[in-house]
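Below are the chains, spelled out letter by letter.
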Amino acid sequence: MSDPESNLEHPPSDLRLLDDETPGTRQAHRSSTNPAAQSRPANRVSGHDSLKRHLTTLIQPEKKLSPPPSSWASVRAIILASWLNVLLVCIPISWALNFALPDQHTLIFVFTFLAIIPLAKLLAFATDELSMRVGQTLAGLMNATLGNAVELIVSIIALTKCELEIVQSSLVGSVLSNLLLVLGMCFFAGGLRFSEQGFGHAAAQLNSSLLTISVIAVLLPGAFHMALQGSTSLSESEVDDRILRTSHGVAIILLFIYCSYLLFQLFSHKNLYSDDAPEASTRYAGGNPFKLDHKLRRRRQAANDMGMTGLRMVSSPPQEGLHTDNGDEIPTTHLDAHHDVESGSRQGEEQLQMTVLVSIGLLVAVTVLVAITAEFMVDSIDGLTSGGAISKEFVGVILLPIVGNAAEHVTAVTVSVKDKLTLSLGVAVGSSIQIALFVIPFIVTLAWILGKPLTLMFDPLESIVMFLSVLTVNYVIQDGRSNWLEGMLLMSLYLILCVTFWYYPGTDPVLSC
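Residues numbered from 1 in each chain as written. Predicted model: local features only at pLDDT ≥ 70, side-chain atom pairs only at ≥ 80, totals over all residues. Heavy atoms only, no water.

### Observations concerning the overall build of the chain
Right, on to step 1. Of regular secondary structure, the chain possesses 18 helices and 6 strands.
Right, on to step 2. Here the chain holds 513 residues, and the buried ones make up 48% of them.
Right, on to step 3. Carbon and sulfur atoms form 64% of the exposed surface of the chain, whose accessible area is close to 25000 Å². (Helix = DSSP H or I, 4+ residues; strand = E, 2+ residues; numbered from the N terminus. Buried < 20%, exposed > 50% of the residue type's maximum accessible area, 1.4 Å probe, protein only. Areas by Shrake-Rupley, 256 points an atom, 1.4 Å probe, with all protein chains shown as cover.)

### Side note on the pattern of salt bridges
Right, on to step 1. Applying the stated criterion across every chain, the model contains 6 salt bridges.
Right, on to step 2. The partner of Glu-375 in a salt bridge is Lys-161, with the nearest N and O atoms 3.5 Å apart. Within this pair, whereas Glu-375 is found in helix α14 (residues 356-385), its partner Lys-161 is found in the loop between α9 (149-160) and α10 (164-191), the two being separated by 214 residues in sequence.
Right, on to step 3. Classification of Glu-375 by relative accessible area gives partly exposed; the value is 33%. (Salt bridge = Lys/Arg side-chain N within 4 Å of Asp/Glu carboxyl O.)

### Focus: the packing of α10 against helix α17 (residues 460-477)
Right, on to step 1. Two elements in contact, α10 and α17, have axes whose closest approach is 10 Å; the angle formed by their N-to-C orientations is 25°. The angle between α10 and α17 places the two elements in the roughly parallel class. Crossing hand, α10 versus α17: left-handed. Two secondary-structure elements touch here, α10 through Gln-168, Ser-169, Val-172, Val-175, Leu-176, Leu-179, Leu-180, Leu-183 and Phe-187 and α17 through Glu-462, Val-465, Met-466, Ser-469, Val-470, Val-473, Val-476 and Ile-477.
Right, on to step 2. Broken down by class, the residue content of the contact of α10 with α17 amounts to 13 nonpolar, 3 polar and 1 charged. (Axes fitted to C-alpha atoms, helices over the stretch in contact; angles between N-to-C directions. Parallel < 35°, antiparallel > 145°, perpendicular 65-115°, else oblique. Left-handed = near helix turned anticlockwise from the far one by under 90°. Contact = heavy atoms within 4.5 Å. Nonpolar A, V, L, I, M, F, W, Y, C, P; charged D, E, K, R; others polar.)

### Details of the confidence of the model for the chain
Right, on to step 1. With 70% of its residues at a pLDDT of 70 or more, the chain shows a mean pLDDT of 76.
Right, on to step 2. Counting interchain partners and residues more than four positions distant, the pLDDT-below-50 stretch residues 4-9 has 1 contact.
Right, on to step 3. Scored below 50 in pLDDT, residues 13-32 makes 8 contacts in the model with residues more than four places away or belonging to other chains. (pLDDT = per-residue confidence, 0-100.)

Structural data, given as structure tokens:
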């Protein structure tokens, strides 16, 4: 038997530890013995820290920013932003023609068409200046969203004027232009410098799946109408009403899919959309047969000799290796989404061209100018196509997408030549996803609110062409690599569509205002 007094003189070790502990340590000891009490606050703190870390990543710029320029320097940067600013003179000319010669529909359309192109470029320029101040993922989302602002404005104006055929054809044409023309030009231009280029395979396949979902949503109303055509149990008006209600429900679901896609891209899997570790590109063995590298090298050397460049280039983080061609080392740099870099800029620092207030002011001003000019352009379409020389289908599917996508075309192609094909895919395919999953269902929902009978039942030829284009692009990008021949095939397919829609008269929409 143990002596009680000895037990008091020598208390158990755990009691001695408790006597030596401070109150805070004793509280921590009690918490450690209660896993449930410990996990609940830890989980709350961990979740809060994780959300804070995600938000910080979205907002914090990737690079250090230079000091903001003065207001005069910002205005000067706007004036010298692009040679396309020369076309800004078409804005007052188109407005004057609209009021002075309202019957000259062809002239009005041509000058309004030319006027919107530099406005789209300035819109992209202001968007890029703002995106430099946030994280890479949020910057890409801003560029893709505001890059489609022109298409959205044109569609809304056409919708208010009950030009439902123009609304549908212009949106389908924007998807086709991005998927076939822009992506084909990226593959072709990059293939002139590299034998094969690699890109983010997982993100590209996911984007193809999203485009396939949107195509299915476009095809189903047509199949719905075909299945009930000639039905004795339902009248034609009842069938049209059910198609309209189906389109409204599908549009809401597509918007939900788009919100889920944003959550996936911005938070849970944002690493898939970064260009930090793309698959390595392959140089031509024995030298470039197109001699593009030598031309780029001579142009870069001439720019360095003069101490200035014709383009403002934004330097990219240095890659682990250098591309070599015939023993010459070429550092890997790339164009940031819509602007370039000044060669004299310090490495690792983004050169701001405008202040925040000037950038926001430019966005507002350009949006107003685009809205007014686009209204004049939409008003002139009926007079332009009334003679039969050109159809509404060709104007909507081929011509109108060029207005809004011209700046994106230049950006995506230039970036692909700089061996940043993942960024090119983000511009081309990302814009197509935005139109298919956001702009189209948003316009259908807006038409529902405004009482306009706009459905997802597109022209039969447009629906089939959209399906075949998405299918072709899916086959092209499934291996995660590209070459110039694949780009030429996509561009050739787009030219085939241009010829087809030039002679296609189009069909009347099922429902009209």
